[in-house]
Amino acid sequence: MKRLLLVEVIAALLLAGCIVGGGYGVAVVPALPSIVVLDADPYYQHGGYYYYYQNNSWSYSRTRNGPWTELPRDRYPKEVRFKGHGGGQGDDRGQGRQRGHDRE
């Protein structure tokens with residue numbers, strides 16, 4: 001009898017913790033493709049989110065106006081390329097920027 005009561009109390013506490021924790025709005029953001037090609041602006045749209053690239057770091061938001069949240073590094077692309085400057089093909093600002101890590 002005491003064991004059953006203990007299980008019920010623990011279950012109630014865990015359920016309350018889930019409800020409170022769910023109010024923070026944690027989102028699972030899709031990882032960016034391996035290679036991202038940016039036009040003149042630093043915005044990229046993928047999987048229902050907007051991504052913003054600045055100073056070798058990424059942020060994401062549901063809307064282009066923000067609010068912006070820092071993207072976890074495991075969601076970064078392996079390479080960022082730029083186009084649209086100088087009329088050349090591909091990246092005319094360094095043929096892409098390599099991320100310093102491997103994705104698993």
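Refer to the structure above for everything that follows.
Throughout this description, residue numbers start from 1 for each chain and increase along the sequence as written. Given that the model is predicted, a residue must reach a pLDDT of at least 70 before its local features are reported, and side-chain atom pairs must reach 80 or more before they are shown or counted; all residues, however, enter totals for whole chains, interfaces and linings. Side-chain descriptors were evaluated using all non-hydrogen atoms of the structure, hydrogens and water having been removed beforehand.

Q: Could you give an account of the pattern of salt bridges, naming the residues involved and the relevant values?
A: Here, a salt bridge means any Lys or Arg side-chain nitrogen found within 4 Å of an Asp or Glu carboxyl oxygen. A complete count under the given rule lists 3 salt bridges for this structure. A salt bridge links D39 to K83; the nearest nitrogen and oxygen atoms lie 3.7 Å apart. Of this pair, D39 sits in the loop between strand 1 (35-38) and strand 2 (43-46) while K83 sits in the loop between strand 6 (79-82) and strand 7 (97-98), and the two are 44 residues apart along the sequence. Overall, D39 belongs to the partly exposed group, its relative accessible area being 41%. Secondary structure is summarised from DSSP: a helix means a run of H or I of at least four residues, a strand means a run of E of at least two, and numbering begins at the N terminus for each. Think of it in three bands: residues with accessible area under 20% of the maximum for their type are buried, residues over 50% are exposed, and the middle band is partly exposed, with areas taken using a 1.4 Å probe on protein chains only.

Q: Tell me about the environment of T63, and please be specific about residues and values.
A: One can find T63 in the loop between strand 4 (57-61) and strand 5 (69-70). Put simply, T63 and Q45 are 18 residues apart on the chain and 9.7 Å apart in space, counted from C-alpha to C-alpha.

Q: Residues and numbers for the packing of aromatic side chains, please.
A: In this scheme Phe, Tyr and Trp rings, the latter by its six-membered ring, pair at centre separations within 6.5 Å, and the angle between planes marks the pair as stacked below 30 degrees, edge-to-face above 60, and tilted otherwise. This model, assessed by the stated rule, comprises 6 aromatic pairs. Taken together, a centroid distance of 5.0 Å and an interplanar angle of 45° make the contact between Y43 and Y52 tilted. By relative accessible area, Y52 is classed as partly exposed at 21%. A ring pair is formed by Y53 and F82, whose centres lie 6.1 Å apart and whose planes are at 45°; its orientation type is tilted. Of this pair, Y53 sits in strand 3 (residues 49-54) while F82 sits in strand 6, and the two are 29 residues apart along the sequence. Judged by its relative accessible area of 6%, Y53 falls in the buried class. Its relative accessible area of 6% is what places F82 among the buried residues. Members of the aromatic cluster, connected to one another through ring pairs, are Y43, Y52 and W68.

Q: I'd like a description of unusual backbone geometry, backed by residues and values.
A: Across the junction of G66 and P67, the peptide omega takes the value 5°, indicating a cis bond. Relative to the elements of secondary structure, P67 occurs in the loop between strand 4 and strand 5. The residue N55 is not glycine, and still its phi comes out positive at about 55°. With respect to the helices and strands, the residue N55 is situated in the loop between strand 3 and strand 4. Exposure remark for N55: the relative accessible area of 71% places this residue in the exposed category. Its identity as a non-glycine residue notwithstanding, N56 has a phi of 60°, on the positive side. In this fold, N56 is placed in the loop between strand 3 and strand 4. You can call N56 partly exposed: its relative accessible area is 39%.

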